[in-house]
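Residue-level structural notes
Take a look at the letters that make up each chain.
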There are 4 protein chains.
Amino acid sequence: MRLIDLNADVGESFGNWRMGNDEVVLAIVSSANVACGFHAGDPQVMAKTCEIARRNGVSLGAHPGFADLQGFGRRPMPMSAFELETLVAYQIGAFMGIAARAGMPVAHVKAHGALYNLAEADPEVAGAIARAVKAVDPKLIMIGGTGSPMEGAATAAGVRFAAEGFPDRAYADDGKLLSRKLPGAVLHDPAEAAAQAVRMVIEGLILTVGGKLLPARVETLCIHGDEPTAAAVASAVKLALAGAGAEVAALPRVLG
Amino acid sequence: MRLIDLNADVGESFGNWRMGNDEVVLAIVSSANVACGFHAGDPQVMAKTCEIARRNGVSLGAHPGFADLQGFGRRPMPMSAFELETLVAYQIGAFMGIAARAGMPVAHVKAHGALYNLAEADPEVAGAIARAVKAVDPKLIMIGGTGSPMEGAATAAGVRFAAEGFPDRAYADDGKLLSRKLPGAVLHDPAEAAAQAVRMVIEGLILTVGGKLLPARVETLCIHGDEPTAAAVASAVKLALAGAGAEVAALPRVLG
Amino acid sequence: MRLIDLNADVGESFGNWRMGNDEVVLAIVSSANVACGFHAGDPQVMAKTCEIARRNGVSLGAHPGFADLQGFGRRPMPMSAFELETLVAYQIGAFMGIAARAGMPVAHVKAHGALYNLAEADPEVAGAIARAVKAVDPKLIMIGGTGSPMEGAATAAGVRFAAEGFPDRAYADDGKLLSRKLPGAVLHDPAEAAAQAVRMVIEGLILTVGGKLLPARVETLCIHGDEPTAAAVASAVKLALAGAGAEVAALPRVLG
Amino acid sequence: MRLIDLNADVGESFGNWRMGNDEVVLAIVSSANVACGFHAGDPQVMAKTCEIARRNGVSLGAHPGFADLQGFGRRPMPMSAFELETLVAYQIGAFMGIAARAGMPVAHVKAHGALYNLAEADPEVAGAIARAVKAVDPKLIMIGGTGSPMEGAATAAGVRFAAEGFPDRAYADDGKLLSRKLPGAVLHDPAEAAAQAVRMVIEGLILTVGGKLLPARVETLCIHGDEPTAAAVASAVKLALAGAGAEVAALPRVLG
């Protein structure tokens, strides 16, 4: 039976501000990317998110981002490799502290927002993240795009890597995500996202906007929780995967 | 031979701002209390501080404080036990992430500033800190005043405790530190501080401002790095202890 | 015709986080207390809030608070008079900069959260706020409780003062607000709040929980926007005041 | 007699962290660029800086920067025109609030660090700054490079502009500052800086690293306070200018 992980960004509230619908999202996914207090989240939000994840049997991951709360970590900030490495090590460690308090292990790391985007394009950024992951805990799994600099960096650092697919995002003919600035970049139709999920997981293929079929390896699917259609898309994806014979499982089990 | 730890607050720079003289202080002490980014420090400063500590063979400790950079963690902020516990767990974990990157273990935790002061007076605050320490890593040692709520909380939580003495601070007749607002609260004379250190460590006694001799148990002496006379005081203390037959050693060795 | 101002806290979103329902609240009130970026709000949120206020013909006020975003300015932070004065002057000025960009004047200042509460109890805190208001712009009006240290401080500093009443809060027999920790502290029933508003504005009386009738002078009523029942309460208060012959007007017109 | 302004960045301390030598620098220059709390400075530091400026008869300017304390505003952060405009309006206003408390007017605005650099290269960024300056107070003077996008933006917005020269920086043959990454970018020799200042102010010329003489108009010279040689350079520049018949005066007088 084909195993597939579903991951989602959670714990993005801050202080008195609520964001997302973690109770709903964590009832669906198998892995939680928990904001670590730099772009979102705070120690209390992180601790509460761990509790919700525990109740739902969801595996925990750190979701480090740039130190830009007001910009939600979506503005790239030029930093040296040393700065990036310590930025990420700090946040992974902080989350491990909070998770330990909840008696839970941390299984993976997924970079957030502009940090993720930079790492998908720049091997230096990807390398800094991978080295931080390796240094803090060599058993951690790093999530990134198949064939991206992050995969290369993880391999080079000796870090286990999980290739990520986006069921609700359109892919350009070069295999990359279609820019969010272009129409049709986000698939709001649950059926369309579900079909893309099955195609990726079961057939190992991506259908691009130009009609090309590209080979794809995915070990985890990114589920968005912040769109109004998010829960519907996530449920449809999960149901379709089950119908196609895949089983949703957390990353450590998927990677064996 | 009597073993005694010397601890000092370090890593208190932030971004482009320098504070303290970590190179000098870390050449003297055996344990470093490293600021964790909330009241001072940042991921890069923390990483550099670990390197200096490593070069000097100094044992590392987390130095968590209130999230008040502008006030340097010296303003008490009322927080619930849950808030305090997660505040501390986050910072310990963050420092463990940075220390792990440097390949170094974290041996102890000492609360900073207003958080330390509250914990010396309020068992609820002390309890929250002790539970955070225990949860993140039960091998960590917690530093606090002898007989203070922190000692009680550490014992209750099953956390090893190290009793701290202040060689350069005057003690009131009730055995507590004389308020810094009173004249003579800080001993700037290296000889005076050295004599107090020997009295505490070798004789197990504190001489109060009123001339009383109180029994004292100390496993670690707090060395201040931020006064102009700090290095002279620290050196004098260390020399006098050696002369009196004590050996400076990091906390794990002192506690056995 | 009796004139009365209605004020509400708005602009409490931050970055990507939304809070409150400013569109609804600003369609009801005559004065807006706009968060200044320390406990909530940011330059963009402040600018957008000014635009909504302008469309609704609402008068602007600065709503300075403690620099504690995560705690929403609700944790008291001990500060000297100099620190408080500059804290408040900074935030008033910042809001005047944003309001000037929108081509709008700033008419009043109302302290937020823990800063308001401290100023209602401590003449030193109230004095620092009043001096800041006076220094930044002597035409500004300061809002506070009738007969509170804030009124005394405003008078001493030569700052115009507007006495505030709370139609949806119960009053203790000493004329102070009943603690939110006690049952019945918040009047969720629109009819009850409306009756209290009319009693305060038209009759100049407060009915306490113990059944006492105390004389009250109010120039502005505080309308809460963050409770689920807020809009209903605000509408009922406004309607009842109109029915009783009062006219809602912004503070500068109320004070003449 | 030729009038020339000397400006310097000051007020760059934060909380307990000291930076720069404002007492020395403000005894030399005629205009102070005061950090506004986003990249450096805080309300108390700003207020104290105003006092030092007042004692020295120095004219005040706001020195807005990116909201990146840890990076000291030296990391460019991509922001929309609306975001930049409100970012700058907020900081100018905040400083006007603090200056008003000190009874002092604010005469100019100079962008800091990465914000200045972006505005020297990108007309959209320059335009956002100029519109913010104009909106907050149309009498404010904006400092930037001669012929830069900032000059164009100031002119378009109807804001008075002061062209800035750098006596202690080498100029490339295109008239721009030589990158700090290249050797010889900073002139540490007081005599060399003094000669360059006289050449700029009295002769209206810039001598480039390639030996070209370019026409230059300067109304203000930037004096750096953060290099070890800063005070020596500044004094030499001032003395040489006096010897060459120029008089140091604050910007409002220089621009007439």
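Predicted model only: the values in this text are computed from it and were never measured.

1. Description of the overall build of chain A
The helix and strand tally for chain A stands at nine helices and ten strands. Computed over the C-alpha atoms, the radius of gyration of chain A is 17 Å, within 12% of the 18 Å expected from 2.2 N^0.38 for a compact globule of 256 residues. In terms of overall dimensions, chain A has C-alpha extents of about 40 × 35 × 35 Å along its principal axes. Residues counted as buried form 61% of the 256 residues belonging to chain A. Long-range pairs, those at least 24 residues apart, make up 72% of the contacts in chain A between residues at least 6 apart in sequence. Carbon and sulfur atoms provide 57% of the accessible area of chain A, an area that totals close to 9100 Å².

2. What to know about the relation of the copies chain C and chain A
Mapping chain C onto chain A is achieved by rotating through 180° and translating by 0.0 Å along the same axis, at an RMSD of 0.0 Å. On this basis, the relationship between the two copies can be described by a two-fold rotation axis. Residues of chain C ranked by C-alpha distance from the rotation axis are headed by C:Trp17, positioned 3.0 Å from it. When the interface residues of chain C are mapped onto chain A, 100% of them again lie at the interface, so the same face is used by both copies.

3. Observations concerning the relation of the copies chain A and chain B
Each copy superposes on the other: chain A lies on chain B with an RMSD of 0.0 Å after a rotation of 180° and an axial shift of 0.0 Å. A symmetric contact is evident, with 100% of the interface residues of chain A recurring at the interface of chain B.

4. Points about the packing of helix α2 (residues 43-55) of chain C against helix α3 (residues 81-101) of chain D
Where α2(C) contacts α3(D), the axes come no closer than 8 Å and their chain directions differ by 95°. Here α2(C) lies roughly perpendicular to α3(D), going by the angle between them. Of α3(D), the residues touching α2(C) (which contributes C:Pro43, C:Gln44, C:Met46, C:Ala47 and C:Lys48) are D:Phe82, D:Glu83, D:Thr86, D:Leu87 and D:Tyr90. Of the residues assigned to the contact of α2(C) with α3(D), the class counts are six nonpolar, two polar and two charged.

5. A closer look at the interface of chain C and chain A
How large an interface is tends to be reported as the accessible area lost when its parts come together. Tallying the contact residues gives 16 residues for chain C and 16 residues for chain A. On the chain C side of the interface with chain A, the three residues burying the most area are C:Asn16, C:Trp17 and C:Gln70, jointly 58% of the side's total. For the interface between chain C and chain A, the tally reads zero salt bridges. Counting every contact that joins chain C to chain A gives six residue pairs in polar contact (both at pLDDT 80 or more). Residues belonging to the side of chain C that touches chain A are distributed by class as follows: six nonpolar, six polar and four charged.

6. Concerning the interface of chain A and chain B
Between chain A and chain B, the contact holds 24 residues from the first and 24 residues from the second. Buried area between chain A and chain B, both sides added, is near 1900 Å², and the carbon and sulfur share of it is 71%. Across the contact surface, chain A and chain B share two salt bridges. Put simply, B:Arg101 and A:Glu85 hold a salt bridge, and the shortest N to O gap is 3.0 Å. Summed over the shared surface of chain A and chain B, the result is eight residue pairs in polar contact (both at pLDDT 80 or more). Within the residue set of the side of chain A that touches chain B, elements represented by two or more residues are α2 (43-55), α3 (81-101) and α5 (123-136) of chain A. For the side of chain A that touches chain B, the element with the most residues is α3(A), which contributes 13 residues.

7. Description of the packing of aromatic side chains
All told, the structure shown has 18 aromatic pairs over all chains when counted by the stated rule. On the basis of an interplanar angle of 65° and a centroid distance of 6.2 Å, the ring pair of C:Tyr90 and D:Tyr90 is categorised as edge-to-face. With one member in each of two chains, C:Tyr90 in helix α3 (residues 81-101) and D:Tyr90 in helix α3 form a pair that bridges those chains. These aromatic residues form a ring-pair network of at least three members: A:Phe14, A:Trp17, A:Phe72, C:Phe14, C:Trp17 and C:Phe72. The aromatic ring of C:Tyr116 is capped on one face by C:Lys110, whose charged end is 5.6 Å from the ring centroid.

8. Side note on the environment of D:Ala89
Relative to the elements of secondary structure, D:Ala89 occurs in helix α3. The spacing of D:Ala89 and D:Leu118 is 29 residues in sequence and 17 Å in space, taken between C-alpha atoms. Apart from residues lying up to four places away in sequence, D:Ala89 is in contact with C:Gly97, C:Ile98, C:Arg101, D:Ala132 and D:Val136.

9. A short note on the pairing of strand β3 (residues 59-63) of chain B
Residues and elements named next belong to chain B. Counting buried positions along β3 gives five out of five residues, so the element sits mostly inside the fold. What you see with β3 is no split at all: Ser59, Gly61 and His63 on one side and Leu60 and Ala62 on the other are buried throughout. For strand β2 (residues 31-35) and β3, the ladder comprises five bridges, and the chain directions are parallel. In the strand pairing of β3, Asn33 is matched with Gly61. Here β3 pairs with strand β4 (residues 106-109) via three bridges, running parallel. Among the inter-strand pairings, Ala62 is bridged to a residue of β4, identified as Val109. Between the parallel elements β3 and β4, the chain passes through helix α3 (residues 81-101) in a crossover that is right-handed.

10. Quick look at the side chain of B:Glu164
All names here are of chain B. Counting through the fold element by element, Glu164 comes out in strand β6 (residues 160-165). For Glu164, a relative accessible area of 3% puts it in the buried group. Setting aside residues no more than four positions away along its own chain, Glu164 makes contact with Asn7, Lys110, Tyr116, Ile143, Gly144, Gly145, Thr146, Val218, Thr220 and Cys222.

11. Comments concerning the side chain of C:His112
Residue and element names in this part refer to chain C. With respect to the secondary-structure elements, His112 resides in the loop between β4 (106-109) and α4 (113-121). With relative accessibility at 4%, the residue His112 sits in the buried group. Within the structure, the side chain of His112 is placed 3.1 Å from the side chain of His63, a separation counted as a polar contact. Apart from the residues within four sequence positions on either side, His112 is in contact with Asp9, Glu12, His39, His63, Pro64, Gly65, Phe72 and Gly73.

12. Considering the pairing of strand β5 (residues 141-145) of chain A
All names here are of chain A. In terms of burial, β5 is largely enclosed, as five of its five residues are buried. In this structure, strand β4 (residues 106-109) lies alongside β5, joined through two bridges in parallel fashion. For His108, the partnering residue across the bridge sits in β5 and is Ile141. As paired elements, β5 and strand β6 (residues 160-165) share five bridges and run parallel to each other. Residue pairing in the sheet places Ile143 in a bridge with Ala162 of β6. For the crossover that starts at β5, traverses helix α6 (residues 149-157) and ends in the parallel β6, the hand is right-handed.

13. Observations regarding unusual backbone geometry
Here the phi dihedral of A:Phe72 falls at roughly 55°; this positive angle occurs in a residue that is not glycine. The residue A:Phe72 is located in the loop between β3 (59-63) and α3 in this model.

14. Here's the deal with the environment of D:Trp17
Counting through the fold element by element, D:Trp17 comes out in the loop between β1 (2-10) and α1 (22-25). Taking the C-alpha atoms as reference, D:Trp17 lies 33 Å from D:Tyr171; in sequence the two are 154 residues apart. Every residue in contact with D:Trp17, bar those within four places of it in the chain, is listed here: B:Glu12, B:Ser13, B:Phe14, B:Trp17, B:Arg18, B:Met19, B:His39, B:Ala40, B:Leu69 and B:Phe72. A distance of 2.8 Å separates the side chain of D:Trp17 from the backbone oxygen of B:Glu12, its partner in a polar contact.

15. Here's the deal with the packing of helix α4 (residues 113-121) of chain B against helix α5 (residues 123-136) of chain B
Residue and element names in this part refer to chain B. For the pair α4 and α5, interaxial distance at closest approach is 5 Å and the crossing angle is 115°. As α4 runs across α5, the sense of the crossing is left-handed. Contacts between α4 and α5 involve Leu115, Leu118, Ala119 and Ala121 on the former and, on the latter, Pro123, Val125, Ala126 and Ile129. A per-class count over the contact of α4 with α5 returns eight nonpolar, no polar and no charged.

What counts, and where the lines are drawn
Residues numbered from 1 in each chain as written. Chains lettered and ligands numbered in written order. Predicted model: local features only at pLDDT ≥ 70, side-chain atom pairs only at ≥ 80, totals over all residues. Heavy atoms only, no water. Helix = DSSP H or I, 4+ residues; strand = E, 2+ residues; numbered from the N terminus. Rg over C-alpha atoms; globule rule 2.2 N^0.38 Å. Buried < 20%, exposed > 50% of the residue type's maximum accessible area, 1.4 Å probe, protein only. Contact = heavy atoms within 4.5 Å. Areas by Shrake-Rupley, 256 points an atom, 1.4 Å probe, with all protein chains shown as cover. Least-squares fit on C-alpha atoms with pLDDT ≥ 70 in both. Axes fitted to C-alpha atoms, helices over the stretch in contact; angles between N-to-C directions. Parallel < 35°, antiparallel > 145°, perpendicular 65-115°, else oblique. Nonpolar A, V, L, I, M, F, W, Y, C, P; charged D, E, K, R; others polar. Buried area = accessible area lost by both parts, 1.4 Å probe. Salt bridge = Lys/Arg side-chain N within 4 Å of Asp/Glu carboxyl O. Polar contact = N/O pair within 3.5 Å; in protein donor to acceptor, adjacent residues only side chain to side chain. Phe/Tyr/Trp six-rings, centres within 6.5 Å; stacked < 30°, edge-to-face > 60°. Lys NZ or Arg CZ within 6 Å of the ring centre and 35° of its normal. Pairing = 2+ DSSP bridges. Right-handed = clockwise from strand over helix to strand, strands pointing away. Left-handed = near helix turned anticlockwise from the far one by under 90°.

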